[in-house]
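Here is how the chains run, residue by residue.
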Amino acid sequence: MANLYPVLLCGGSGTRLWPLSRKSFPKQFVKLGDGETLFQAAARRMAGPKIMPPLIITNSDFRFIVTEQLAEAGIEAGPILIEPSPRNTAPAILAAVQYLAARDPDAAMLVMPSDQVMPDRDAFVRAVEAGLAAAEDGQIVTFGIKPTRPETGYGWLELAHPPAGDQPAAIPLKRFVEKPAADRAATMLADGRYLWNAGIFLMSVKTALKAFEAHLPDMLAPVKRAVSEAQADLGFLRLAPAPWQLAEEISVDYAIMERSSNLQVVPFDGDWSDLGDWSSVLREGGPNENGVAAHGPVTAIDCEESLLRSEAEGLELVGIGLKDMLVVAMPDAVLVADRSRAQDVKQAVTALKAKGSRQAEHFPRDHRPWGWFETLVLGDRFQVKRIVVHPGASLSLQSHFHRSEHWIVVSGTARITVDNEARLLTENQSVYIPLGAVHRMENPGKVPMVLIEVQTGTYLGEDDIVRYEDVYARGQGAKG
């Protein structure tokens, strides 16, 4: 059997799960429950001795989050391709195809979103195995979810005939169906020949190339150049930006799948959700006998069919007499919505962006390759942050034009460099960083180091930074 490469797409923003999911830290990297993140679960879904390490396509801002979460889950990282800019799923998948074609042209690839819930891993593996023969025979295999309700938020698949028997098997696809109206969805649910479209595709590299040659020939040359001219950056491969910009911005569904005649569908009868909105999180969150799903410090009194979720440390969320409501509290934003309007949360993000609100896209906890920080207090000419540095990690050697800083270690040990002097600080010790001083903090210990930073100055933006050395090769700018 040819090598099988899981291909994980993880560049989306997940705006319908705002305020927990935001452009700077979208839902695939968030722990929606008490276990793994959606990205970790997706990477583990097809991990095994007969499966190649996952090929991951993401953007520059997420590259260190990807490697950190893979390491945390104990999953071997495969190639990580960095998109210079978002171009939708067709160029992203073609980049993976071109990468594999140059290195393992006889391989098969399983393209998956990284933000879905599929708790029955064994059932999914069986479904993939059921589609391998068709994929090796030149078919594009997609996976259809057995519907449980007349869902209007998903695309559907019409099969040539209803599934037969209990074992998964590939069935010819008759056509794709766009997100239907409620009455049409009810009719399809009762029919037996329709499944939800999971957006997962299994195919050989050669079949994928033929599909792009037939339906998107103009995309082949620029994406091939973007891959062949890619630059290695630490453990990542940065696609060349100039040719990448020439690739049409289009989804693989519209560009390839809906135009291809060699598609087959393997029905999947296990639990599945794309967690596309807060209403789906409520369904997946194990609601109690009153239909209430609570997460975090929450008290629900006489509530029904509602989601109550507190993600703010020390913030108790109390709901009284709520029915069909979605309430999500973050340290910097609170969502309160009628459950029937779950699909409209993205309108709130658009409105917040229009008024210039930071909450529209920026997560309150800012993740970096060395750890993370969050703003505790922000005032006129001052800011207080909590900074957590991973064991063995180091911030860049840097200076600022507009601010000075005072650091207080509250947990762990810090190695602090200010100009030419380096020293160790332990709990309750502090140091002052004058404006313009060249400085760095490191965690030489075996446990996370927690530090409180007090900034004062005329400008406190993250882009007021000059890097002189950086083990993560980030360059200049807020994140580099």
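An account of the accompanying structure is given in this report. Note that the structure is predicted; figures quoted are calculated from it, not measured.

With 6 of its 8 residues buried, strand β20 (residues 382–389) lies for the most part within the structure. Relative to β20, strand β19 (residues 371–379) runs antiparallel, the two sharing 8 bridges. Across the sheet, valine 377 pairs through a bridge with valine 384, a residue of β20. Where β20 meets strand β27 (residues 449–457), 8 bridges bridge the pair, whose relative direction is antiparallel. Looking at β27, one finds that arginine 386 is bridged to isoleucine 452.

A word on the packing of helix α6 (residues 205–215) against helix α7 (residues 217–228). In contact at an axis separation of 5 Å, α6 and α7 are set at 120 degrees when each is read in the N-to-C sense. In terms of orientation, α6 and α7 fall into the oblique class. From α6, Leu209, Phe212, Glu213, Ala214 and His215 reach across to α7, where they touch Pro217, Met219 and Leu220. Of the residues that constitute the contact of α6 with α7, the class distribution is 6 nonpolar, 1 polar and 1 charged.

Next up on the list: helix α11 (residues 345–354). Of all the positions in α11, only Val345, Val349 and Leu352 are classed as buried. When α11 is viewed along its axis, its buried side chains cluster within an angular range of 65 degrees and face the same direction. Opposite the buried face of α11, by more than 90 degrees, sit the exposed residues Thr350 and Ala354. Looking at the buried residues of α11, the elements they touch are α10 (278–284) and β17 (334–338). Phi turns positive, to about 75 degrees, at glycine 356, one or two residues after α11.

The subject of this paragraph is the pattern of salt bridges. Tallied over the entire structure, the rule returns 27 salt bridges. Of the charged contacts, one joins glutamate 249 and arginine 87 as a salt bridge, the two residues approaching to 3.7 Å between their closest N and O atoms. In this pair, glutamate 249 sits in the loop between α8 (241–244) and α9 (252–255) while arginine 87 sits in the loop between β3 (80–83) and α3 (89–103), placing the two residues 162 residues apart along the sequence. Its relative accessible area of 13% is what places arginine 87 among the buried residues.

What counts and how
What you see as residue numbers is a count from 1 along each chain, following the sequence as written. The predicted origin of the model limits local features to residues at a pLDDT of at least 70 and limits the giving and counting of side-chain atom pairs to 80 or more, whereas totals for whole chains, interfaces and linings rest on all residues. Remark: hydrogens and water are excluded; side-chain values derive from all non-hydrogen atoms of the structure. For each residue, the accessible area found with a 1.4 Å probe, counting protein chains only, is set against the maximum for its type, and the residue is called buried under 20%, exposed over 50%, and partly exposed in between. The way it works is that DSSP assigns letters per residue, a run of H or I at least four long becomes a helix, a run of E at least two long becomes a strand, and they are numbered from the N terminus. Pairing between two strands requires that DSSP report at least two bridges joining them. To define axes, lines are fitted to C-alpha atoms, for helices over the stretch in contact only, and angles between the resulting N-to-C directions are given on a 0 to 180 degree scale. Just so you know how the angles are binned, under 35 degrees is roughly parallel, over 145 roughly antiparallel, 65 to 115 roughly perpendicular, and the rest oblique. Throughout, a residue-residue contact means that at least one pair of heavy atoms, one from each residue, lies within 4.5 Å. Asp, Glu, Lys and Arg are counted as charged, while Ala, Val, Leu, Ile, Met, Phe, Trp, Tyr, Cys and Pro are counted as nonpolar; the rest, among them Gly, fall into the polar class. Of all possible arcs, the one meant is that of the directions from the helix axis to the C-beta atoms. Salt bridge criterion: a side-chain nitrogen from Lys or Arg within 4 Å of a carboxyl oxygen from Asp or Glu.

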